Amino acid sequence: MNEDKTGNAITEKALEAYSRIENKRLRELVQGLIRHLHAFVKEVKLNDQEFETAWSQMEEMAKFTGDERNEYLLFCDVVGISQLIEAINHARSQSAVGSALVGPFFRANAPKRKRGESIVSDDTKGDRVHITGTVYDLTTNKPIPGAVLDLWQAATNGLYENQDENQPDYNLRGRFQANEAGRFELAALLPTPYPVPTDGPVGELMKLAKHQPYRPAHIHFIVSAPNYETLITQVFRKGDDIIDEDPVFTADRTMIGEFRKDNGQYRLQYDFQLKPGISTMPKAPIP
Ligand SMILES: [Fe+2]
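Rules of the game
Residues numbered from 1 in each chain as written. Predicted model: local features only at pLDDT ≥ 70, side-chain atom pairs only at ≥ 80, totals over all residues. Heavy atoms only, no water. Helix = DSSP H or I, 4+ residues; strand = E, 2+ residues; numbered from the N terminus. Contact = heavy atoms within 4.5 Å. Lys, Arg positive; Asp, Glu negative; His and termini not counted. Charge placed at Lys NZ, Arg CZ, Asp CG, Glu CD. Donors = N, O, S within 2.8 Å, 3.2 Å for Na, K, Ca; no water. Buried < 20%, exposed > 50% of the residue type's maximum accessible area, 1.4 Å probe, protein only. Axes fitted to C-alpha atoms, helices over the stretch in contact; angles between N-to-C directions. Parallel < 35°, antiparallel > 145°, perpendicular 65-115°, else oblique. Nonpolar A, V, L, I, M, F, W, Y, C, P; charged D, E, K, R; others polar. Polar contact = N/O pair within 3.5 Å; in protein donor to acceptor, adjacent residues only side chain to side chain. Phe/Tyr/Trp six-rings, centres within 6.5 Å; stacked < 30°, edge-to-face > 60°. Lys NZ or Arg CZ within 6 Å of the ring centre and 35° of its normal. Pairing = 2+ DSSP bridges.

**Concerning the overall build of the protein chain**
Along its length, the protein chain carries 6 helices and 12 strands. Reported as C-alpha extents along the three principal axes, the dimensions of the protein chain are approximately 80 × 40 × 35 Å. When contacts within the protein chain are restricted to residue pairs at least 6 apart in sequence, those whose partners lie at least 24 apart make up 71%. Here the protein chain holds 34 positive side-chain charges and 41 negative ones, and the gap between their average locations is 5 Å.

Here you go:
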């Protein structure tokens with residue numbers, strides 16, 4: 001019979017066992033994880049069967065994880081961990097465009113396109129949108145000449161080009177350079193909602209929670225310039241009725257664009273602001 005009903009002695013022993021990790025940050029992470037996992041087990045009084053369910057689910061999640069999909073990352077996305085990490089690491093003033101997840105569908109080296117060009121192949125179904133705007137310095141409000149915009153989006157069938165063999169290579173992707181006045185101009189597809197993958201254990205969990213899987217319509221942007229922090233963001237559509245139900249908790253009022261229709265043509269005017277700092281590009285999840 002275990003005398004330690006509270007389990008506190010076990011927690012202390014476990015923390016002690018990992019107290020000799022030399023790297024200070026790694027030690028902090030491992031011990032913090034142990035502390036919080038132990039607290040969780042105590043709080044919910046996790047039983048044997050539930051514990052077994054937990055590790056069986058992880059085994060199941062591994063079956064849905066490979067080069068093109070990571071069920072663990074999807075889990076972190078749909079319980080808000082990914083966006084939380086984004087929020088605490090990339091706090092920006094409320095006057096600026098917000099920072100968002102890079103997501104699993106980014107590909108590096110998208111084609112460089114000329115000012116005003118379209119990222120949409122002619123045979124892609126859906127409405128087009130003409131996008132213009134300026135990239136500004138967040139602190140001085142001056143335009144940033146030559147800033148680079150790398151954007152990507154899903155087709156109206158809900159699939160990104162690298163998920164869909166019927167789309168041409170690098171369809172709905174492109175890099176544009178702002179001019180001397182920091183201004184850019186391009187054409188894209190009017191974005192439409194698409195679901196996160198729901199055929200695995202994470203989808204099952206979302207169904208139990210009645211957590212709807214459709215991401216509000218959006219276009220992904222990475223905006224960069226030398227000596228500025230790279231901005232990873234998404235632009236959502238004002239008036240989208242699921243804007244407050246984003247399954248990955250990214251959409252918020254700092255990332256909403258007004259897609260207006262005049263004379264049958266959708267237009268978006270949208271500005272970005274960059275913070276002085278070190279420029280970095282995210283790792284592309286898919287080679
Ligand atoms: Fe997306």
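**Overview of the coordination of the iron ion**
Ideal values differ by geometry: the angle at a metal is 109.5 degrees with four tetrahedral donors, but 90 or 180 degrees with six octahedral donors. Donor atoms from the polypeptide that bind the iron ion are Tyr160 (OH), Tyr194 (OH), His218 (NE2) and His220 (NE2), placed at 1.9 to 2.1 Å. Mapped onto the polypeptide sequence, the residues donating to the iron ion form the spacing pattern Y-x33-Y-x23-H-x1-H. The class for His220 is buried, based on a relative accessible area of 3%.

**Considering the packing of helix α3 (residues 48–63) against helix α4 (residues 71–78)**
With their axes 8 Å apart at the nearest point, α3 and α4 run at an angle of 115° to one another. One element, α3, and the other, α4, form an angle in the roughly perpendicular class. In contact with Met58, Met61 and Ala62 of α3, α4 contributes Glu71, Tyr72 and Phe75. Counted by class, the contact of α3 with α4 contains 5 nonpolar, no polar and 1 charged residues.

**What to know about the side chain of Arg107**
Summarising the element assignment, Arg107 is placed in the loop between α5 (81–89) and β1 (128–137). Residue Arg107 is classed as buried on the basis of its relative accessible area of 15%. A polar atom in the side chain of Arg107 sits 2.5 Å from the side chain of Glu161. Excluding residues that lie within four positions of it along the chain, Arg107 makes contacts with Glu161, Asn162, Asp169, Tyr170 and Arg173.

**Quick word on the packing of aromatic side chains**
All told, the structure shown has 6 aromatic pairs when counted by the stated rule. Considering the side-chain rings of Tyr270 and Phe272, the 5.2 Å spacing of their centres and the 65° angle between planes classify their relative orientation as edge-to-face. Of the aromatic side chains, those joined through ring pairs into one cluster are Phe184, Phe221, Tyr270 and Phe272. Over the ring of Tyr170 we find Arg107; its NZ or CZ atom is 3.8 Å from the centre of that ring. One Lys or Arg, Arg237, reaches over the ring of Phe259 and ends 6.0 Å from the middle of that ring.

**A look at the sheet that holds strand β3 (residues 173–177)**
Pairing between the strands of a sheet comes from backbone hydrogen bonds, and it takes one of two forms, parallel or antiparallel. Strands sit in the order β3-β2-β7-β8-β9 across an open sheet of 5 strands; the sheet is mixed. At either margin of the open sheet sits one strand with a lone partner, and together these are β3 and β9 (256–257).

**Comments concerning the environment of Arg183**
Checked against the element boundaries, Arg183 lands in strand β4 (residues 183–189). On a C-alpha basis, the gap between Arg183 and Gln49 in space is 59 Å, while along the polypeptide they are 134 residues apart. Contact partners of Arg183, with chain neighbours within four places excluded, come to Arg115, Thr132, Gly133, Thr134, Ala178 and Gln269. Reaching out from Arg183, the side chain makes a polar contact with the side chain of Thr134 at a distance of 2.9 Å.

**Observations concerning the environment of Arg175**
As for its placement among the helices and strands, Arg175 is situated in strand β3. As a C-alpha pair, Arg175 and Ile222 span 47 residues in sequence and 9.3 Å in three-dimensional space. Excluding its chain neighbours within four sequence positions, the residues that come into contact with Arg175 are Asn109, Ala110, Pro111, Lys112, Arg113, Leu149 and Asp150. Separated by 2.7 Å, the side chain of Arg175 and the backbone oxygen of Ala110 make a polar contact.

**As for the environment of Gly133**
Take Gly133: it is sitting in strand β1. For the pair Gly133 and Leu186, spaced 53 residues apart in sequence, the C-alpha separation works out to 9.5 Å.

**Regarding the pairing of strand β8 (residues 231–237)**
By the criterion of burial, β8 is predominantly enclosed, with 6 of the 7 residues buried. Bridge analysis of strand β7 (residues 218–224) against β8 gives 6 bridges, and the strand direction is antiparallel. Following the sheet pairing, His218 is matched in β8 by Phe236. Remark: 6 residues form the turn of the hairpin made by β7 and β8, two consecutive strands paired antiparallel; Asn227 in that turn has positive phi of roughly 65°. The pairing of β8 with β9 spans 2 bridges and is classified as parallel. Each bridged residue has a counterpart across the sheet, and for Phe236 the counterpart in β9 is Ile256.

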